[in-house]
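Observations on chain architecture
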Amino acid sequence: MKKIIILILLVFCKPKSTIPSFSSLLKTHPAARMENYPKQKLEERIFNLPKLQNEFIHELNIIDGIENIPAPSTDFLLMKEKMDLIFKNSNPKILKILDKYVLGIYFSENLGTTGLTSFVYDKNLKPVGGIIFIDSNLVKLSGNEWISYKENTVFIQGKYKLKIEIDNGNSKFSALEYILLHELGHIVSVVDGIVPDFTLEKRNFKSFPFFHGVWSEEKVMTELSTKYPELKKIKFYSKPELKLDVDALEIYSILEVSPFPTVYSTINADDHFAESFVSYLHTLVGKKPWRLTIINERGEANSFENGISKERCKLEREFMEKWFRNAIQD
């Protein structure tokens, strides 16, 4: 998830021409250099936001025009406890992948989003891993509560109710686990060359097999944008254009005949992959639920499953199956 951060005041006092691009920041900032990440056990790569990575997030945010000023987490010990539960309860194959690709997990507050990812390069600018930032204030909810809240930000609320279940037990670490796997998907996509690298000023997706026939650029669909114009109205964490009572059933019915496993996977090409990744690991490897239910004012319910196990996402699923087999053999 390419996300980006610094005080909005700096945008006004700094000439626009001197604001770096995400590409140039990754090429020059020490937080994106491999030498600043010594080899450690996975459980030792959990940190409260340090100065170097905090400065990096500020630089990221100015590029995206985000006003939030991140700070170290005041609940870091609680986050460590959640991470310990994830390490003890997650599929060992998934932990092996985390160990291979994630160089650091950093907890903060006022991040500007639930989680974000950046990438780490060697001296030849080859991507070798990534770092994940998590806002500790936004992962205190259970998994079911968090993902339901997130999905509801797409819609103007009304008489209908929308909920998602990703954890039968509604445990207190499932939200953090799901977010980590989504962000891990972004790291995998860059390190393994599944997406165009973020050090490129222009990212063209046409020649990348996973996106064939769906995305041509990061935020530009192929003919699907003409076929399903309603998808252009989907926005998370901002002023919604869609009404829950009027538009939700249509949106999820469109999803049922599209290659997108979730609504979040429609917002850009990178998140199409990351959502396919987390959907595959969560539902098919982890054998955990992903069920969305819309209940109308009469109590009647319509339910939708994650698309990764459906025929519509066959290509995405087969891609993930092949990738996963190779990843756990390394």
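Note: the structure precedes this text.
Before going into details, it helps to say that this report is about the structure given with it. Here the structure is a predicted model, which means the values were calculated and not measured. (Residues numbered from 1 in each chain as written. Predicted model: local features only at pLDDT ≥ 70, side-chain atom pairs only at ≥ 80, totals over all residues. Heavy atoms only, no water.)

This brings us to the environment of Phe107. Along the chain, Phe107 falls in strand β3 (residues 102–109). Taking relative accessible area as the criterion, Phe107 reaches 0% and is therefore assigned buried. Taking the C-alpha atoms as reference, Phe107 lies 21 Å from Asn144; in sequence the two are 37 residues apart. Setting aside residues no more than four positions away along its own chain, Phe107 makes contact with Ile46, Phe47, Asn48, Leu49, Pro72, Ser73, Phe76, Met79, Met83, Ile134, Ser136 and Leu176. (Helix = DSSP H or I, 4+ residues; strand = E, 2+ residues; numbered from the N terminus. Buried < 20%, exposed > 50% of the residue type's maximum accessible area, 1.4 Å probe, protein only. Contact = heavy atoms within 4.5 Å.)

Moving on to the pairing of strand β11 (residues 291–295). Relative to β11, strand β7 (residues 161–165) runs antiparallel, the two being bridged by five bridges. Its bridge partner lying in β11, Leu162 is registered against Ile294. In this structure, β11 lies alongside strand β12 (residues 301–305), joined through five bridges in antiparallel fashion. The partner of Ile294 across the bridge, within β12, is Asn302. In this structure, the hairpin formed by β11 and β12 is closed by a connection of five residues, where Gly299 is found at a positive phi of approximately 85°. (Pairing = 2+ DSSP bridges.)

Applying the stated rule across the entire model yields 21 aromatic pairs. The interplanar angle of 55° and the centroid separation of 6.0 Å between the aromatic rings of Trp146 and Tyr178 together place this pair among those described as tilted. In this pair, Trp146 is assigned in helix α6 (residues 143–152) and Tyr178 in helix α7 (residues 174–191), connecting sequence segments 32 residues apart. When sorted by exposure, Trp146 lands in the same class as Tyr178, which is buried. Taken together, a centroid distance of 6.0 Å and an interplanar angle of 65° make the contact between Tyr280 and Phe324 edge-to-face. Highlighted residues: Tyr280 in helix α10 (residues 269–285) and Phe324 in helix α11 (residues 314–329), separated in sequence by 44 residues. For Phe324, a relative accessible area of 7% puts it in the buried group. Connected via pairs of aromatic rings, a cluster forms that spans Tyr101, Phe205, Phe210, Phe211, Phe273, Phe277, Phe319 and Trp323. (Phe/Tyr/Trp six-rings, centres within 6.5 Å; stacked < 30°, edge-to-face > 60°.)

Among the nonpolar cores identified, the biggest contains 97 residues, and Met83, Phe107, Phe133, Leu184, Phe211, Tyr252 and Trp323 are the most heavily contacted of them. With 10 residues, the single largest contributor to this core is α7. Leu184 has contacts with Ile97, Leu98, Tyr101, Val102, Ile132 and Phe277, leaving out every residue within four places of it along the chain. (Core = buried A, V, L, I, M, F, W, Y, C linked by side-chain atoms within 4.5 Å.)

Taking 1.5 Å of rise per residue, 18 residues should cover 26 Å, and α7 covers 26 Å from first to last C-alpha, within 8% of that figure. The buried fraction of α7 amounts to 17 of the 18 residues, a majority that puts the element mostly inside the structure. Looking at the residues trailing α7, positive phi occurs at Gly193, about 70°. (Expected span 1.5 Å × (residues − 1).)

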